[in-house]
Amino acid sequence: MARPPPLGELPPGYTPPARPATPQILAGSLKAPLWLRAYFQGLLFSLGCGIQRHCGKVLFLGLLAFGALALGLRVAIIETDLEQLWVEAHFDATSARGLELFPGRKQSAGSAALKGHVIPSHLCRYRAIIARHCPSHPPSLQSSLQKVGSRVSQELEYTKEKLGEEAAYTSQMLIQTPRQEGENVLTPEALDLHLQAALTASKVQVSLYGKSWDLNKICYKSGVPLIENGMIERMIEKLFPCVILTPLDCFWEGAKLQGGSAYLPGRPDIQWTNLDPEQLLEELGPFASLEGFRELLDKAQVGQAYVGRPCLHPDDLHCPPSAPNHHSRQAPNVAQELSGGCHGFSHKFMHWQEELLLGGMARDPQGQLLRAEALQSTFLLMSPRQLYEHFRGDYQTHDIGWSEEQAGTVLQAWQRRFVQLAQEALPENASQQIHAFSSTTLDDILHAFSEVSAARVVGGYLLMLAYACVTMLRWDCAQSQGAVGLAGVLLVALAVASGLGLCALLGIAFNAATTQVLPFLALGIGVDDIFLLAHAFTEAPPGTPLQERMGECLQRTGTSVTLTSINNMVAFFMAALVPIPALRAFSLQAAIVVGCNFAAVMLVFPAVLSLDLHRRHCQRLDVLCCFSSPCSARVIQILPQELGNGTVPVGIAHLTATVQAFAHCEASSQHVVTILPPQAHLVPPPSDPLGSELFSPGGSTRDLLGQEEGTGQKAACKSLPCARWSLAHFARSQFAPLLLQSHTKAVVLVLFGALLGLSLYGATLVQDGLALTDVVPRGTKEHAFLSAQLRYFSLYEVALVTQGGFDYAHSQRALFDLHQRFSSLKAVLPPPATQAPRTWLHYYRNWLQGIQAAFDQDWASGRITHHSYRNGSEDGALAYKLLVQTGDAQEPLDFSQLTTKKLVDKEGLIPPELFYMGLTVWVSSDPLGLAASQANFYPPPPEWLHDKYDTTGENLRIPAAQPLEFAQFPFLLRGLQKTADFVEAIEGARAACAEAGRAGVRAYPSGSPFLFWEQYLGLRRCFLLAVCTLLLCTFLVCALLLLNPWTAALIVLVLAMMTVELFGIMGFLGIKLSAIPVVILVASVGIGVEFTVHVALGFLTAQGSRNLRAARALERTFAPVTDGAISTLLGLLMLAGSNFDFIVRYFFVVLTILTLLGLLHGLVLLPVLLSILGPPPEVTTPSCSQPTGWGGIEPRQNTLSGQ
């Protein structure tokens, strides 16, 4: 077997190409842009040659650097907190470092309160998350963010600053729906089943840390009064009910959900099922002074509590005699009882409106409730912080090292058990079904959504490895690159890992998009350039010195690789302007990963190719490089022959060298040695203007040998015809000739024009929004709950927050006007006709009016005089103390004001000098009213204890509350079905706040719609602005690197068409516009460059007519572009197996469509446009000159065709 020549030794008869002569020959026709590109390509050439000379060192150092960065994954943080992921971020250093700006599911500890006519704010935040639109946000540029993003983030920051970060409670929900569609649930039987499920859930107990935890220990209780009598205080603490919003509260059976109990001598255990507060106070009256507590219950309108309500089943032995239907034994009219909602134990402060309890309601023409299709109950638990504080120092936890983390574990365990037992409470054959959900369920979904699927990652990468290896394998072992394909995919995988590791080191938190999508998307994009370099490396001009092969490859392909990578990075960095932390993190991570891929492809992969070149030169097997190749290493000797007169006659278009191959095959090694003595002759121009001029092989000595083997000359070893087929051969011989025919061009333009027209129509069908049901896997119990929630319940609680910076005491009229203006909005749910609007200012004023009335009665009866209030009522004594206040530090008391002053004037306003002192007294004396108002005062008014029997006079000094910097009015929004409804409500709320601002009141709305939907106000405008800006950046980048604005304009035109068509197809597929599609649409501009710039650059650097140059561009780029598209599709294929519809619909489908559009536009539309509108060639050579090679300015040394 013949030994291979040493690396770098030139083949026999080789004549070095006249490299310095080429620029001199072309200098007259070269323009400045071409000289600049030539300079850039010269740098790439030097880089490639340097890497090839030190390939081992470069590979070792590159793998070491990337491996070190990949270790950063050890410190990666996966963020699953919904607010940190989706609440619009502010453009500052905090948000740039990750997702640290906003705490998740954290509000003021004071946001919890007994409810008057509203649902808890924290529950409603989950209601918003669970309801028909998941938080979704538009893209925006920084100028837009200063108006919208900054406003929302600053308002949330203000709330966090004033109220803290900890939520007061978490919510657990049960929804009951009939198994038979449309069946009425307002029947005793249906409520019995609801009671069965709710009772099962309320009896949940979990054992942790050696303790048993039940609902009564961990539930949220609000407005618990402070009682001086220790025995009564302990009894109230045990009996005070949990906050449970349920339709069962309309009936006596609602008491069964309350698990508290107390013991008094001589009585059975006191529970809410047998507790009559009025009777109990009568019995305890002789033993304790309970006048203040009795007045408190009277004000709260507790009455007989649950024992005064009808029984669902009056035949129940435990149905109390005080129940209205106990004696009649008639089942109640469920619809009539539930009409208008239900009450907790307090009629005044705990009213659950029917919209919170019933779904799918139907009414008669008079508005009376007839039927409903869903029931909902909500259990409130303490937050981890509150549970920790509640039991800190308690004898029950002193021996377990009680911590907030343990409190969170207890709550999570209880919630999971709650959901499990509630879902299993009803038998399979029951007529109703129960859907249960908790805040922990949502956390579990997000954790599962964010977990990395090792099987899918490994499967996707193995599939890519197999494709790369099979695509690059050749029958001729000397030309095979299977090992290069394997190494390239593994290198890209390492680059992706190093990019993500760098992101982790930079503090950019990971999320579901990072773990579920980015590994596959980055792999598909990165392998594109691997294929491009590998294809270009095998097509180096023959005669190129071995030591310059890598430089030649980078010179021809480095420009397009650089261009596509820069555009991808710019696109993802532009997408990072989307003010949503999750999507910003994803975009930044994608940009960084693309940068790492670029470094790997341009620096490390050339070292791999250089080593493979050494392997091929040493005739080693592909993949199994330790073994010698048994295949033929063909040694070809071509002797040059000059034409007689040195010129090509006029009319001759092609010079063909006809050779005869004399070959013999050695039996021992099967090496074929072929000698080709030349015999040149001229061939007249063919009838086909493109056929012989372009598509004759003649591109390399390998092709020449292939031609000779086809002539029937004897050769010992022949390749199969299928082994000679390739994508490049298909593009040269079939695709390009067909595509560049005139009638084919017309068809292509018509079809793409029709696609663009349909896409423009589809764009009108795109709606804004994102459903959480797309995120949760279909067929699961969680999806069933969300579907029921989506269908039947759509209430959102919001709060109107008033800030500091103005005087509340002198702005009461403006505050009332603001409340009235906000209440008149279309989306605001009005309170029941029997109730007045309830805000803290109303509660405060009404309480003052109440104690003023009590004082007037006591004064008129003589129980209160100028000098004494001890004989008066508790309320009368409070009014006495307030009336004598002057607000003057020098003379704080004036008893003459008792008859000349009122706590509330005729206009319904509180005297400014009494405003903050009265606020102190109200907060201390009316805990139930304060809790129901949800005022969340900051700074909180000071504590003040009232003692009617204090004779020292010190009790007359009332400390004034500090000027308020935060307070809020709660509202319920209804009828928000579509994003347009949210936008209308948000605009109305903002307008009301702006009007109040002109009156001197600083206010802003707060709540789920404003956190998650306000960005839709400028969604499409900002999206259009972002895409247009990116297209402009793409044009500038392409024009700068290609140095040809004409070509850059055509590329941008095709990219714009791709974006419009992708947007339109989304409309036809029903994919709504949200932050996820926006990021993909913005990134599509960068990804689309992968499919277009290679063809454009090949066209730009070719010579001849437009058709000829377009065909040559296709010949050289069809294979790598197609391989790149297939590799991207293979990377995305793993997304199709995701359990989450969200991944399938919003990533796999959209990105697959984008890849197919890019392939069609890059290989079909763009060549047609270039053949019609393409720029003129940059270099024009004489007819006897050789044409330039693809991607560079130097002529192809092995091409024999003339121009």
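Just above sits the structure.
Residues numbered from 1 in each chain as written. Predicted model: local features only at pLDDT ≥ 70, side-chain atom pairs only at ≥ 80, totals over all residues. Heavy atoms only, no water.

Regarding the overall build of the chain
Looking only at helices and strands, one finds 43 helices and 19 strands in the chain. Considering the chain as a whole, with its 1203 residues, one finds that 58% of them fall into the buried category. Put simply, of all contacts in the chain between residues at least 6 apart along the chain, 78% involve residues at least 24 apart. (Helix = DSSP H or I, 4+ residues; strand = E, 2+ residues; numbered from the N terminus. Buried < 20%, exposed > 50% of the residue type's maximum accessible area, 1.4 Å probe, protein only. Contact = heavy atoms within 4.5 Å.)

Observations regarding the pairing of strand S2 (residues 205-208)
Bridging between S2 and strand S3 (residues 211-214) involves 4 bridges; their strand directions are antiparallel. In the sheet register, Gln205 faces S3, and the bridge partner there is Asp214. Between the antiparallel neighbours S2 and S3 lie 2 residues, among them Tyr209 with a positive phi of about 60 degrees. (Pairing = 2+ DSSP bridges.)

So, the pairing of strand S10 (residues 374-382)
Of all the 9 residues making up S10, 9 are buried; the element is thus mostly covered by neighbouring parts of the structure. Burial of the side chains of S10 extends over both faces: Ala374, Gln376, Thr378, Leu380 and Met382 are buried on one face and Leu375, Ser377, Phe379 and Leu381 on the other. Bridging between strand S4 (residues 244-245) and S10 involves 2 bridges; their strand directions are antiparallel. Pairing of Ile244 across the sheet is with Phe379, part of S10.

Observations concerning the sheet that holds strand S17 (residues 796-803)
The pairing of strands in a sheet happens through backbone hydrogen bonds and is either parallel or antiparallel. Taken in spatial order, the 3 strands make up an open sheet running S18-S17-S19, and their pairing is antiparallel. With one partner strand each, in any of the chains shown, strand S18 (966-973) and strand S19 (1003-1007) form the two edges of the open sheet. Averaged over all adjacent pairs, the angle separating strand axes in this sheet is 25 degrees, with direction ignored. For S17 and S18, the ladder comprises 8 bridges, and the chain directions are antiparallel. Counterpart to Glu797 in the pairing with S18 is Leu972. (Axes fitted to C-alpha atoms, helices over the stretch in contact; angles between N-to-C directions.)

Let's talk about the side chain of Thr839
Summarising the element assignment, Thr839 is placed in the loop between helix H31 (812-823) and helix H32 (840-861). For Thr839, the side chain forms a polar contact with the side chain of His842, separated by 2.6 Å. Aside from chain neighbours lying at most four places away, what touches Thr839 is His819, Ser933 and Phe969. (Polar contact = N/O pair within 3.5 Å; in protein donor to acceptor, adjacent residues only side chain to side chain.)

Things to note about the state of the cysteines
With the rule as written, the count across this model stands at 3 disulfides. The side chain of Cys311 participates in a disulfide bridge whose partner is Cys319; the two sulfur atoms lie 2.1 Å from each other. Handedness here is read from the sign of the S-S torsion; for Cys311 and Cys319, about 95 degrees, the answer is right-handed. Grouping residues by exposure puts Cys311 and Cys319 together as buried. Sequence-ordered numbering of the bonded cysteines in the chain gives a pairing of 1-2, 3-6, 4-5. Cysteine Cys503 shares no disulfide, and the gap to the nearest cysteine sulfur, in Cys596, comes to 7.5 Å. By relative accessible area, which is 0% here, Cys503 ends up buried. (Disulfide = S-S within 2.5 Å.)

Observations regarding the packing of H32 against helix H33 (residues 874-883)
In contact at an axis separation of 7 Å, H32 and H33 are set at 100 degrees when each is read in the N-to-C sense. One way to sum up the angle between H32 and H33 is to call them roughly perpendicular. Side by side, H32 and H33 meet where Trp847, Leu848, Ile851, Gln852, Ala854, Phe855 and Asp858 of the first sit next to Asp875, Gly876, Leu878, Ala879, Tyr880, Leu882 and Leu883 of the second. For the contact of H32 with H33, the residue count by class is 10 nonpolar, 2 polar and 2 charged. (Parallel < 35°, antiparallel > 145°, perpendicular 65-115°, else oblique. Nonpolar A, V, L, I, M, F, W, Y, C, P; charged D, E, K, R; others polar.)

Here's the deal with the environment of Ala413
Tracing the backbone through its elements, the reader meets Ala413 in helix H17 (residues 404-423). C-alpha separation for the pair Ala413 and Thr440, spaced 27 residues apart in sequence, amounts to 8.8 Å. What Ala413 contacts, discounting residues up to four positions off in sequence, is Val206 and Leu208.

Focus on H31
The end-to-end C-alpha distance of H31 is 16 Å, a good match for the 16 Å that 12 residues give at a rise of 1.5 Å each. Looking only at H31, the buried set comprises Gln812, Ala814, Leu815, Phe816, Leu818, His819 and Phe822. Tucked inside the fold, the buried residues of H31 contact S17, H32, helix H35 (912-925), S18, helix H37 (979-998) and S19. (Expected span 1.5 Å × (residues − 1).)

A closer look at the environment of Gln368
Tracing the sequence through the fold places Gln368 in the loop between strand S8 (362-363) and strand S9 (369-371). Overall, Gln368 belongs to the partly exposed group, its relative accessible area being 45%. If we ignore the near neighbours within four places in the chain, the residues touching Gln368 are Ser339, Ala362 and Arg363.

Section: the nonpolar core
Grouped together as the largest cluster of nonpolar side chains are 322 residues, with contacts concentrated most on Leu186, Trp840 and Phe1147. The dominant element in this core, judged by the number of residues it contributes, is helix H24 (residues 581-617), at 20 residues. Contact partners of Leu186, with chain neighbours within four places excluded, come to Val334, Ala335, Leu338, Leu358, Leu369, Leu370, Arg371, Ala372 and Leu375. (Core = buried A, V, L, I, M, F, W, Y, C linked by side-chain atoms within 4.5 Å.)

A word on the pattern of salt bridges
Following the criterion strictly, the structure yields 13 salt bridges and no others. Residues Lys256 and Asp316 are paired through a salt bridge, measuring 3.5 Å at the closest nitrogen-oxygen approach. With Lys256 in the loop between S4 and helix H12 (277-284) and Asp316 in the loop between helix H13 (291-300) and helix H14 (334-338), this residue pair connects regions lying 60 residues apart in the sequence. Lys256 gets classed as partly exposed once you look at its relative accessible area, which sits at 24%. For Asp316, a relative accessible area of 23% corresponds to the partly exposed category. (Salt bridge = Lys/Arg side-chain N within 4 Å of Asp/Glu carboxyl O.)

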